[in-house]
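Architecture and fold: a report
Residues per chain, in single letters:
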Number of protein chains: 2
Amino acid sequence: MEDKRINNFNAGPAALPLEVLTEIKDSFLNFKNSGMSVVEVSHRSKWFDNVINDAVQRTKRLLNLDARYEVLFLQGGASLQFGMIPMNFLNADNSADYVNTGTWSTKAIKEAEIQNKKITVVASSEDKNFSYIPENIQFNRDAAYVHITSNNTIKGTQWKNFPDTEGVPVIADMSSDIMSRRIDVDRFGLIYAGAQKNIGPAGVCMVIIRKDMLELVPDGLPSMLKYTTYAQKKSMYNTPPCFAIYAVSLVLKWIEETCGGLDKMEEINKEKAKLLYDYIDNSGFYKSTVMVGSRSDMNVVFRLPSEDLEVQFISDALKNGFGGLKGHRSVGGCRASIYNPTSIKAVSALVDFMKIFENKMG
Amino acid sequence: MEDKRINNFNAGPAALPLEVLTEIKDSFLNFKNSGMSVVEVSHRSKWFDNVINDAVQRTKRLLNLDARYEVLFLQGGASLQFGMIPMNFLNADNSADYVNTGTWSTKAIKEAEIQNKKITVVASSEDKNFSYIPENIQFNRDAAYVHITSNNTIKGTQWKNFPDTEGVPVIADMSSDIMSRRIDVDRFGLIYAGAQKNIGPAGVCMVIIRKDMLELVPDGLPSMLKYTTYAQKKSMYNTPPCFAIYAVSLVLKWIEETCGGLDKMEEINKEKAKLLYDYIDNSGFYKSTVMVGSRSDMNVVFRLPSEDLEVQFISDALKNGFGGLKGHRSVGGCRASIYNPTSIKAVSALVDFMKIFENKMG
């Protein structure tokens, strides 16, 4: 069974470490000798307490979070966060800055505007089809927050250095690069990430919030839409998505104990990306669509000389055991998503296949 | 491993059918020959399309839903629905009726009031500690909807006959009895249910909505909080909780194909409940706290002669392989939750154990 597994370059839900999948599988009928599956134990039990505490503590250790930060687990993905952020932090008297680096930033902006909240789009890379990350941005010093998307899954761009906002809290959608590299968490008021790329399966969204942000949360919001509820109840106001949180805890354990922590994880991720970009740049056949300096280490977006060749490439790749290489339906082309669980070996095998295809068709 | 599994009477997350767990386990590294785990396949793939379509179609067949109804899968549990329902269906010009039958109804009422929506609590069983379901209720004919909780997990009550609201759509929280019995779906405008009791693991909430209800949904709501978004995008506006939906599809398959459908499921559930209630009523030792006629077939709540005996009972039961018998922390006592996956054999074994305990301690 295992030897029939493919090299999975899906953009999300994405590959998970085989040892995480194996641990889930092996314990699935009897979790920690409870006599129950992990999906059958109560969320108020010692078994699940250990799971969620483990996930929180590992997150705090991996990101060097101090006591100012809370780690929360919500449902609804990053898309619900797009709505909750302005709902919780913007009122009649303040406003926020947004940077638009593509689809997901655009959606975050739209969800603030739907609610008639005051926001300013202070920079955008739409002028060049979102192929770069804007620099030298003028932020409003009185903004309640600055919103950015740290990595654009679809266009394949990534903030390499986070902006200096002179003390205005940065809120970052890190859905596609959370735990892929070290970050200077100090400047962030809130970080959110759907788990289904770097840290787990779909169905849970990690939120890291600096406690002073909670002071902005107004009355009058439904309990499930207030960050204060999750902070006060340690993500257990109601039944949390237990299985997804369990899987996240295992991926974090794998990053910490098997990979050797975030320094090492970042090093591996940089090596994987370099392998692919170097090959693409030196090839006359494949072509990166993203400006040097803004290229994502997570989602390597590239084109072939024609759309016909792209179709053929994706199809041939799948026959050779490389899945998920089709670009997002909104932009076409090809994309290799190489999140944490994707091994150097898998990326290296992909490069070998790309060479063979180039030699055959180029 | 399997023979070490306990008889699990948890209130939720709760027991799942062993054949469902086994199918998940066996396919966990390679789903449908995709070369990926079910948690690694794209939600836009043919594999997941089949999963979600299967879950929708089985729901439609099991509940005899006609074309007026949509079956949706949301996140956030029933608790988010408490907030979304008034948000989507109440405006400055209308109001809704609520029936209060305990904790969950009380929370649903609170979440409408937080938003300053106009509601009327038209009946409540609080006068007798929520030990019965109110009858002969006067509803407001111009209400936008009537909200009820079909089964109270904590108090152990259940609506046996749904109220005649003379055409006003009923909205029901069926989290703890969905798919446990046949229902006359015609009178319902919306049915919602956290999956983690009768139909799956935690992490997904089933919503069955009659399409005319969608006409009430206002502009100005974030996309993830509008029922219209889920209806238009077939629950895939963003990445859905794939694993939980997959598990739900397998439980629905088990109800349909292994158990023989909802008629048969209801028959089995009634038999299980009768076994327990008959034994409790004939015992001078155990005592039901719920009035005859309002007793839940899902959550059998009972007391022993003293709290000390209850502690001992729960502890002895666990040693003998019966878990989850402690009452909800807010009410104490004992509770056996006997949802769909709990077998007659397990209930019968529990009754045998209860007899032994009574003989020893009574």
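None of the values given here were measured: they were computed from a predicted structure.

**Digging into the overall build of chain A**
A tally of helices and strands in chain A yields 9 helices and 14 strands. At 21 Å, chain A has a C-alpha radius of gyration in line with the 21 Å of a compact globule built from 362 residues. Considered along the principal axes of its C-alpha atoms, chain A spans approximately 65 × 55 × 30 Å. Relative to its 362 residues, chain A shows a buried fraction of 66%. Put simply, of all contacts in chain A between residues at least 6 apart along the chain, 68% involve residues at least 24 apart. On chain A, roughly 13700 Å² of surface is accessible, and the fraction owed to carbon and sulfur atoms is 46%.

**Describing the domain arrangement of chain A**
Residues and elements named next belong to chain A. Annotation of chain A at the domain level lists domain 1 (21-258) and domain 2 (261-361). Spacing between the C-alpha centres of domain 1 and domain 2 amounts to 27 Å. Contacts between the two partners involve 27 residues from domain 1, matched on the other side by 25 residues from domain 2. Counting each side, the surface lost to burial between domain 1 and domain 2 is near 2200 Å², with a carbon and sulfur contribution of 55%. In this structure, E266 and R182 form a salt bridge, with 3.0 Å as the shortest nitrogen-oxygen distance. For the pair domain 1 and domain 2, the interface holds 16 residue pairs in polar contact (both at pLDDT 80 or more). Top element by residues in the side of domain 1 that touches domain 2 is helix α6 (residues 242-258). It accounts for 3 residues.

**Focus: the relation of the copies chain B and chain A**
The transformation that overlays chain B on chain A combines an axial shift of 0.0 Å with a rotation of 180°, and the residual RMSD is 0.0 Å. One copy is carried onto the other by what is essentially a two-fold rotation axis. Most of the interface of chain B is mirrored in chain A, where 100% of its interface residues again form contacts.

**Observations regarding the sheet that holds strand β10 (residues 205-210) of chain A**
Residues and elements named next belong to chain A. Strand order in the open sheet formed by 7 strands is β2-β10-β9-β8-β5-β3-β4, and the pairing between neighbours is mixed. Bordering the open sheet on either side are β2 (69-74) and β4 (119-124), each of which pairs with just one other strand. Across the sheet, the mean angle separating the axes of adjacent strands is 20° when strand polarity is ignored. Pairing analysis gives 4 bridges linking strand β8 (residues 170-173) to strand β9 (residues 188-194), with the strands arranged parallel. Bridge pairing in β9 links A172 to I191. Where helix α2 (residues 46-62) meets the sheet, its contacts fall on β2 and β10, and the angle it forms with β2 comes to roughly 135°. Relative to β9, helix α3 (residues 77-89) is tilted by about 155°, and along the sheet it contacts β2, β3 (96-100), β5 (146-149), β8, β9 and β10.

**Let's talk about the sheet that holds strand β8 (residues 170-173) of chain B**
All names here are of chain B. Strand order in this open sheet of 7 strands is β2-β10-β9-β8-β5-β3-β4, and the pairing throughout is mixed. Single-partner strands in this sheet number two, and they are β2 (69-74) and β4 (119-124). Adjacent strand axes in the sheet meet at a mean angle of 20° when their direction is disregarded. Bridging between β2 and strand β10 (residues 205-210) involves 6 bridges; their strand directions are antiparallel. Following the sheet pairing, L72 is matched in β10 by V207. Sheet strands in contact with helix α4 (residues 103-114) are β3 (96-100), β4, β5 (146-149) and β8, and its direction is about 150° off that of β3.

**Some details on the environment of V146 of chain A**
All names here are of chain A. Its location among the elements puts V146 in strand β5. For V146, a relative accessible area of 0% corresponds to the buried category. Measuring from C-alpha to C-alpha, the distance between V146 and T165 comes to 7.7 Å, with 19 residues separating the pair along the chain. The contacts of V146, once residues within four sequence positions are left out, are D97, F139, T165, V168, P169, V170 and I171.

**Looking at the packing of aromatic side chains**
Enumeration according to the criterion identifies 37 aromatic pairs over all chains in this entry. With a centroid separation of 5.1 Å and 80° between ring planes, the pair formed by F162 of chain A and F188 of chain A is classed as edge-to-face. Residue F162 of chain A is found in the loop between β7 (157-158) and β8, and its partner F188 of chain A is found in strand β9; the two are separated by 26 residues along the sequence. For the pair F243 of chain A and F243 of chain B, a centre-to-centre distance of 3.8 Å together with 15° between the ring planes defines the contact as stacked. Placement of F243 of chain A in helix α6 and of F243 of chain B in helix α6 (residues 242-258) is noted, with the two residues assigned to different chains. Comparing F243 of chain A with F243 of chain B shows no difference in burial state: the two are buried. Each residue in the set F9, Y279, F285, Y286, F302, F313, F322, F353 and F357 of chain A is aromatic and connected to the rest through ring pairs, giving one cluster.

**Thoughts on the packing of helix α1 (residues 18-26) of chain B against α6 of chain B**
All names here are of chain B. At their nearest, the axes of α1 and α6 sit 9 Å apart, and the two run at 135° to each other. Relative to α6, α1 is oriented oblique. Relative to α6, α1 is oriented so that their crossing is right-handed. Here E19, V20, E23 and I24 of α1 lie close against α6, whose contacting residues are F243, Y246, A247, L250, V251, K253, W254 and T258. Tallied by class, the residues present in the contact of α1 with α6 amount to 8 nonpolar, 1 polar and 3 charged.

**Description of the pattern of salt bridges**
Taken as a whole and judged by the stated rule, the model has 44 salt bridges over all chains. Residues E40 of chain A and R5 of chain B are paired through a salt bridge, measuring 2.9 Å at the closest nitrogen-oxygen approach. A residue pair is termed interchain when its members come from two chains, as with E40 of chain A in the loop between α1 (18-26) and α2 and R5 of chain B in the segment before β1 (7-8). According to the relative accessible area criterion, E40 of chain A is buried, its value standing at 1%. With relative accessibility at 19%, the residue R5 of chain B sits in the buried group. Across the salt bridge formed by R58 of chain A and E256 of chain A, the nearest N and O atoms sit 2.6 Å from each other. Of this pair, R58 of chain A sits in helix α2 while E256 of chain A sits in helix α6; the two residues are 198 residues apart in sequence, bridging distant segments of the chain. With respect to burial, R58 of chain A and E256 of chain A carry one shared label: buried. One connected set of salt bridges, linked through shared partners, spans D54, R58, R61, E256 and E257 of chain A.

**Quick word on the interface of chain B and chain A**
On the chain A side, the residues contacting the 62 residues of chain B number 62 residues. Taking both partners together, chain B and chain A bury about 5100 Å²; carbon and sulfur atoms supply 60% of that area. Joining chain B to chain A, the criterion identifies 2 salt bridges. In this structure, the connection of chain B to chain A is made through 20 residue pairs in polar contact (both at pLDDT 80 or more). Within the residue set of the side of chain B that touches chain A, elements represented by two or more residues are α1, α3 (77-89), α4 and α6 of chain B. With 6 residues, α1 of chain B is the largest single contributor of residues to the side of chain B that touches chain A.

About the cut-offs
Residues numbered from 1 in each chain as written. Chains lettered and ligands numbered in written order. Predicted model: local features only at pLDDT ≥ 70, side-chain atom pairs only at ≥ 80, totals over all residues. Heavy atoms only, no water. Helix = DSSP H or I, 4+ residues; strand = E, 2+ residues; numbered from the N terminus. Rg over C-alpha atoms; globule rule 2.2 N^0.38 Å. Buried < 20%, exposed > 50% of the residue type's maximum accessible area, 1.4 Å probe, protein only. Contact = heavy atoms within 4.5 Å. Areas by Shrake-Rupley, 256 points an atom, 1.4 Å probe, with all protein chains shown as cover. Domains from an automatic or database assignment. Buried area = accessible area lost by both parts, 1.4 Å probe. Salt bridge = Lys/Arg side-chain N within 4 Å of Asp/Glu carboxyl O. Polar contact = N/O pair within 3.5 Å; in protein donor to acceptor, adjacent residues only side chain to side chain. Least-squares fit on C-alpha atoms with pLDDT ≥ 70 in both. Pairing = 2+ DSSP bridges. Axes fitted to C-alpha atoms, helices over the stretch in contact; angles between N-to-C directions. Phe/Tyr/Trp six-rings, centres within 6.5 Å; stacked < 30°, edge-to-face > 60°. Parallel < 35°, antiparallel > 145°, perpendicular 65-115°, else oblique. Left-handed = near helix turned anticlockwise from the far one by under 90°. Nonpolar A, V, L, I, M, F, W, Y, C, P; charged D, E, K, R; others polar.

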